[in-house]
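Listed below, chain by chain, are the residues.
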Amino acid sequence: MSHRRDLAEARLGELLAAWRREIDEVPVPSLVDPVRAVDVVIEAKKAKDGGRVHPPPDGARTRPPGCA
């Protein structure tokens, strides 16, 4: 039984290696322009450090008044 298991594991290893090679051969398009990504991160950092959060227009709150 051990011999059959070893053969199955070896075959599975071969199949996974072949699958990995096929995946590595497929070109992956760039989903985000690196320059634009840096700009987005800088803008987010500025907003976090110095931006104001405005209350919603309908006056909704996440906590009741006075419960800070």
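Our structure's up above, just so we're on the same page.
To keep things clear, this report deals only with the structure shown in the data block. The shown structure was predicted, so the numbers you read here are calculated from the model rather than taken from an experiment. Positions within a chain are numbered from 1, following the residues in the order the chain's sequence is written. Confidence filtering applies because this is a predicted model: local features only for residues at pLDDT of at least 70, side-chain atom pairs given and counted only at 80 or more, and all residues used for totals across whole chains, interfaces and linings. Side-chain numbers come from the whole structure's heavy atoms, not from hydrogens or water.

### Digging into a nonpolar patch on the surface
And step 1. Taken together, the side chains of Leu12, Leu16, Trp19 and Ile23 define a hydrophobic patch exposed on the protein surface, amounting to about 420 Å² of accessible area.
And step 2. Along the chain, Ile23 turns up in helix H1 (residues 2-25).
And step 3. With a relative accessible area of 41%, Ile23 lands in the partly exposed category. Each patch groups residues whose relative accessible area exceeds 30% and which form no salt bridge, using 9 Å between like charges and 5 Å between nonpolar side chains of Val, Leu, Ile, Met, Phe, Trp and Tyr. Here the Shrake-Rupley method, with its probe set to 1.4 Å, supplies the accessible areas, and only the displayed protein chains count as covering residues. Whenever Lys or Arg places a side-chain nitrogen within 4 Å of a carboxyl oxygen from Asp or Glu, that contact is recorded as a salt bridge. Here a strand is any run of E in DSSP of at least two residues, a helix any run of H or I of at least four, and the numbering for each starts at the N terminus. Think of it in three bands: residues with accessible area under 20% of the maximum for their type are buried, residues over 50% are exposed, and the middle band is partly exposed, with areas taken using a 1.4 Å probe on protein chains only.

### A look at the pattern of salt bridges
And step 1. Counting across every chain of the model gives three salt bridges.
And step 2. As a salt-bridge pair, Asp24 and Arg20 come within 3.3 Å of each other at their nearest N and O atoms. Separated by four residues within a single helix, Asp24 and Arg20 lie in helix H1, roughly one turn from each other. With respect to class, Asp24 is no different from Arg20; both count as exposed.
And step 3. Note that Glu43 is salt-bridged to Arg36, the shortest N-O span being 3.6 Å.
And step 4. Under the relative-accessibility criterion, Arg36 is labelled partly exposed at 42%.

Without other data, these values stay purely geometric and don't point to any function.
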